Amino acid sequence: MRYRQPESPSTEGGAVMHLTQFLKRFPNMNGKLTLATPQGGALDASPNPVAGYVAPTLTESTWPPGASVVLVEAPGAVGKTAAAVAIADALNWPIVFAEKAQVGSYSLSGLIQDAMGFGNPFIADVSAGRAGVVVDSLDEAHFRAGTENFLAFIDNVTKVSGADSESTDRAPSIILMSRSDTAELVRLAFMDAHVPLAEVRLDFFDLNGARNFIKAYMAQRFTETGRTEYNMPLASPGPFERLRDSRMKQVASVLLRRTDTDLARAWNEVRDFLGYTPVLVALAESLAVKNPAAERAALTAEGQSNLLREIIEHISHREQRKFSEHMRPKLHALLPPQVDAEIAASSMYLPEEQCARLMAFVSGEELAMPLPAALPDAVRSTYEEAVRTFLPDHPFVKGRRFASVVFGDFITAAACRTLEVRASLAGQPEDGIQSVGPFFARFLSDGNLDDEDAEIRESLVEHVVESWTQEADLVRTRDSEVLLSLVDGGGALTCRREAKAGHNEASELSFSISDVSGAIHIKRPLKRTTIVTDQGVIVGEPNKHTLLGPQVTVLANELIIEAETMRVDNERGRSPGVALASDAMTANYLQKVEAGPKDLHVFSADAPPRLRPWSRVLQGGGTWIPFQRYMDLRTILTAFRPSTKGSLSVLAAKLDGKIVKSNAHRSKILDELIESGVVSRSSSWYYLDLTSMGELGFGLQDLKTGEPGEAVLQFLNRCTVSTRAD
């Protein structure tokens, strides 16, 4: 055989290189090898790369002189196997799929000799640096073989590589592909043996690579399916590229929590998500549309959360499949003869188990119960050892934190809403939340029927409000509001925003609230929120600053302001930006209030000294109308949406079953609206007549100010009188 002389590596660590530059550092064999004996897929002498393969970039960590082995490290699902096949094909090297080999009891040299015959000079050429072999899936081999057998395999790798050669200018002849945790074990083994090891990191795609990957993936899908929407990158390149970049830009904005993001400048900040192969696969599928030019320039918030959910679920199932398929035969082999049990791959490392373990891993806490619960005790320790090896390399985490705000939102929300996960954790998952992102609220509302509200604990209310506010900021709308009602020991939370032509979609999330404490504590900034409660509200924390507004109304039996300083934001100049009303109001720690004379209204019989400049007096006389009745009217009327018939309508099943339900006050309000001709019913729909509403003296806009006008109060008084009469 003839071999190309490889180039010498650079002496500068941390150098970024393309795959073609990386390949020049190895001997290129002239022609593929021929196997004398097939090895059941464990060794392939003629690997075929994926058509249209897009090569990633690599970063050199260290490359000492005389290194005969190169360790390529990467997180899960980055594309190690695809890269390994592409490398082996380009160099004409054989590739070993270590997860299919009997690692430990069967050495690398034994595998090669069995496949090629004892007289074949290939091993000698590898030892001399004239030929080479790629070894893929070291992490999976480690899971199957255990640490002791795996280290024996690595020892044999060093011998085959010719690491004992005195030459310092030879080319490396073995490339090892591994996840980070197993890579660390390899690194320590070489260090203990005093053998030099070159280390390279397989990076996520750069921006051009990500774009090219999407294009290549869609071309492959078009070949497989013949569906024209997969051919849009070729058929309509301009509109397709604009749609692709706008969606990538919006995802980047979510990750960075910025409303306007330059992809090229910000790529390094979002590369570990948008440059991640499973993310790009899901993104490519969302771009498979028949008319890219007719698509919205950006995903709706709901559509984007669905896309992100698909990405995350795809990764979770991939992790489960990789882990369970390789652990199942090992666990079965360890079962004692007297134990009659079936270990199903489908029952191990399920997404729910991953969620519980990831929450415990990030928080540093232990699980409250062994997972999976049905696993036989005889193999429990082996299973746990494998999980301890596998979990730190999970794509959702980096170190002891979540790898991105999207992964953090998804796992935290799933842990809070899933009973199976909650039961597996030692503490309450919501107690450990430090921050949430813009999709936490949506992920938390998943899994509920259309006519049911998601149920959350009171301790999650503040996090839901914060998440919804972030989402509203990302879609650049001020037409967003949060309505929180805590009355008679129960509660409801509604997050909604109205549609704005050509800008953003209407959206609504509803939650029922359990474990009501009697005094809800709001520690974070609050805006576009109305809180009505017959209990207490605590705002801010001692020795800290708090921000309220714009458009905040708090009506409570008791209001305690614990913050040291408070600023009121009134971005639209409305009066007031913030309204606080309570019979009992205290602010013992409040030293400074930043608010214009009309920005803050305080209604209290005895307002704290710092708040007295903003005190207002309610006009006497008339009939007292509970503020909750105003909120009930708002909830009913804002449920109506534009319909194809040119009028505002809502499904009767939604209004009756989800909004009015068994609430006697809302039922009376709806009856009065029907009697006044404002609302009518036809078949399965309710319709809203704005002309009839105007005859009552108010319109929909009057219900969005946070302050009911005289006409609204008169109408509600009629509803209240009707209720009392009954």
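Every value quoted in this text rests on a predicted model; they were computed, and no experiment measured them. (Residues numbered from 1 in each chain as written. Predicted model: local features only at pLDDT ≥ 70, side-chain atom pairs only at ≥ 80, totals over all residues. Heavy atoms only, no water.)

Here's the deal with the pattern of salt bridges
Across all of its chains, the model carries 38 salt bridges by this definition. Among the ionic pairs, Arg-179 bridges to Glu-319, the shortest N-O distance being 2.7 Å. A residue pair is termed long-range when its members are at least 10 positions apart, and Arg-179 in the loop between β9 (174-178) and α7 (180-192) and Glu-319 in helix α13 (residues 301-334) qualify at 140 residues. Glu-319 carries the same exposure label as Arg-179, and that label is buried. Its salt-bridge partner being Glu-481, residue Arg-634 comes within 2.2 Å of it at the nearest N-O pair. Residue Arg-634 is found in helix α20 (residues 627-637), and its partner Glu-481 is found in strand β14 (residues 480-487); the two are separated by 153 residues along the sequence. We note that Arg-634, like Glu-481, is buried. One salt-bridge network, in which partners are shared between bridges, spans Glu-481, Arg-496, Glu-508, Arg-634 and Arg-641. (Salt bridge = Lys/Arg side-chain N within 4 Å of Asp/Glu carboxyl O. Helix = DSSP H or I, 4+ residues; strand = E, 2+ residues; numbered from the N terminus. Buried < 20%, exposed > 50% of the residue type's maximum accessible area, 1.4 Å probe, protein only.)

A short note on the confidence of the model for the protein chain
Looking at the protein chain, the pLDDT average stands at 86 and 90% of residues meet or exceed 70. Per-element mean pLDDT across the protein chain ranges from 50 in strand β1 (residues 3-4) up to 97 in strand β6 (residues 69-73). Below a pLDDT of 50 lies the segment residues 721-726, which in the model reaches 7 contacts outside its immediate sequence neighbourhood of four places, other chains included. (pLDDT = per-residue confidence, 0-100. Contact = heavy atoms within 4.5 Å.)

Quick look at the pairing of β9
Among the 5 residues of β9, 5 are classified as buried, and the element is accordingly described as predominantly covered. Neither face of β9 is exposed, since Ile-174, Leu-176 and Ser-178 on one face and Ile-175 and Met-177 on the opposite face are all buried. Sheet analysis places β6 next to β9, joined by 5 bridges and oriented parallel. Looking at β9, one finds that Leu-71 is bridged to Leu-176. Sheet topology note: the strand β8 (residues 133-136)/β9 ladder contains 3 bridges and is parallel. (Pairing = 2+ DSSP bridges.)

Looking at the pairing of strand β15 (residues 490-497)
Most of β15 sits out of view: 6 of its 8 residues are buried. Strand direction decides the pairing type here: β14 and β15, joined by 8 bridges, are antiparallel. Along β15, the bridge assignment pairs Glu-481 with Arg-496. In sequence, β14 turns back onto β15 through a hairpin of 2 residues, with Asp-488 there showing a positive phi of about 55°. Taken together, the 7 bridges between β15 and strand β16 (residues 507-514) define a ladder with antiparallel strand orientation. Across the sheet, Gly-491 pairs through a bridge with Ile-513, a residue of β16.

Details of the packing of aromatic side chains
Applying the stated rule across the entire model yields 16 aromatic pairs. Ring geometry for Phe-26 against Trp-93: centres 5.7 Å apart, planes inclined by 85°, an arrangement best described as edge-to-face. Of this pair, Phe-26 sits in the loop between α1 (19-23) and β3 (28-29) while Trp-93 sits in the loop between α2 (80-91) and β7 (95-97), and the two are 67 residues apart along the sequence. Residue Phe-26 shares its accessibility class with Trp-93, and that shared class is buried. Ring centres of Phe-205 and Phe-213 lie 5.4 Å apart, and the angle between their planes is 40°; this geometry places the pair in the tilted category. The pair Phe-205 / Phe-213 is uniform in exposure class, with both members buried. (Phe/Tyr/Trp six-rings, centres within 6.5 Å; stacked < 30°, edge-to-face > 60°.)

Regarding the environment of Trp-614
Relative to the helices and strands, Trp-614 is located in the loop between β25 (600-603) and α20. Residue classification places Trp-614 among the buried positions, given a relative accessible area of 10%. If near-sequence neighbours (up to four positions away) are discounted, Trp-614 is found in contact with Val-593, Ala-595, Gly-596, Pro-597, Leu-600, His-601 and Val-602.

As for the sheet that holds β8
One open sheet holds the 8 strands; their spatial order is β2-β5-β10-β6-β9-β8-β7-β4, and the pairing between them is mixed. A single partner strand is all that each edge strand has here, and the edge strands are β2 (16-18) and β4 (43-44). Here 4 bridges tie strand β5 (residues 57-62) to strand β10 (residues 198-202), and the two strands are oriented antiparallel to one another. When the bridges of β10 are listed, Thr-59 appears paired with Arg-201. Contacting β6, β9 and β10, α7 runs over the sheet at an angle of about 155° to β6. (Axes fitted to C-alpha atoms, helices over the stretch in contact; angles between N-to-C directions.)

A few points about helix α19 (residues 461-474)
Counting along an α-helix, one turn takes 3.6 residues, and residues three or four places apart therefore face a common direction. With 14 residues, α19 extends 20 Å between its outermost C-alpha atoms, agreeing within 8% with the 20 Å of an ideal straight helix rising 1.5 Å per residue. Most of α19 is tucked away: 12 of the 14 residues are buried. Of all the positions in α19, only Val-461, Glu-462, His-463, Val-464, Val-465, Ser-467, Trp-468, Thr-469, Gln-470, Glu-471, Ala-472 and Leu-474 are classed as buried. Looking one or two residues past α19, Arg-476 carries a phi angle of roughly 55°, positive in sign. (Expected span 1.5 Å × (residues − 1).)

Brief notes about the packing of helix α8 (residues 207-225) against helix α10 (residues 237-256)
Orientation of α8 relative to α10, taken along the N-to-C sense of each, is 125°, at an axis distance of 12 Å. Taken together, the axes of α8 and α10 lie oblique to each other. Where α8 crosses over α10, the two elements pack in a sense that is right-handed. Residues Leu-207, Ala-210, Arg-211, Ile-214 and Met-218 of α8 pack against Phe-240, Arg-244, Asp-245 and Met-248 of α10. Within the contact of α8 with α10, the residues separate by chemical class into 6 nonpolar, no polar and 3 charged. (Parallel < 35°, antiparallel > 145°, perpendicular 65-115°, else oblique. Left-handed = near helix turned anticlockwise from the far one by under 90°. Nonpolar A, V, L, I, M, F, W, Y, C, P; charged D, E, K, R; others polar.)

Things to note about the nonpolar core
Residues Phe-22, Ile-174, Leu-493 and Leu-600 are the most contacted members of the largest nonpolar core, which totals 193 residues. Filtering out sequence-adjacent residues up to four positions away, Ile-174 remains in contact with Ser-68, Val-69, Val-70, Leu-108, Val-126, Val-133, Val-135, Val-157, Val-160 and Ser-161. One finds Leu-637, Ile-659, Leu-703 and Phe-715 within the second-largest nonpolar core, a separate group that totals 31 residues. (Core = buried A, V, L, I, M, F, W, Y, C linked by side-chain atoms within 4.5 Å.)

Remarks on the packing of α10 against helix α11 (residues 263-274)
Close contact between α10 and α11 brings their axes to 10 Å; oriented N to C, the two are set at 75°. Regarding the angle of α10 to α11, the classification is roughly perpendicular. Taken together, the residues of α11 that come into contact with α10 (itself represented by Asp-245, Met-248, Lys-249, Val-251, Ala-252, Leu-255 and Leu-256) are Leu-263, Ala-266, Trp-267, Glu-269, Val-270, Phe-273 and Leu-274. Class assignment for the residues of the contact of α10 with α11 results in 11 nonpolar, no polar and 3 charged.

Brief notes about the side chain of Ser-161
Mapped onto the elements of the fold, Ser-161 is located in the loop between α6 (147-160) and β9. In this structure Ser-161 comes out as buried when scored by relative accessible area, which is 0%. Only 2.7 Å separates the side chain of Ser-161 from the backbone oxygen of Thr-158, close enough to count as a polar contact. Within the structure, the side chain of Ser-161 is placed 3.4 Å from the backbone nitrogen of Ala-163, a separation counted as a polar contact. Non-local contacts of Ser-161, meaning those with residues more than four positions away in its chain, are made with Ser-68, Val-69, Val-126, Ser-127, Arg-170, Ser-173 and Ile-174. (Polar contact = N/O pair within 3.5 Å; in protein donor to acceptor, adjacent residues only side chain to side chain.)

Thoughts on the sheet that holds strand β27 (residues 648-651)
Here we have 4 strands laid out as an open sheet, ordered β26-β27-β29-β28, and antiparallel in their pairing. Lying at the two open borders of the sheet, with one neighbouring strand each, are β26 (641-642) and β28 (679-682). Strand direction decides the pairing type here: β27 and strand β29 (residues 685-688), joined by 4 bridges, are antiparallel. Bridge pairing in β29 links Ser-649 to Tyr-687. The strands touched by helix α21 (residues 652-660) within the sheet are β27, β28 and β29, with β27 carrying the most contacts at an inclination of about 60°.

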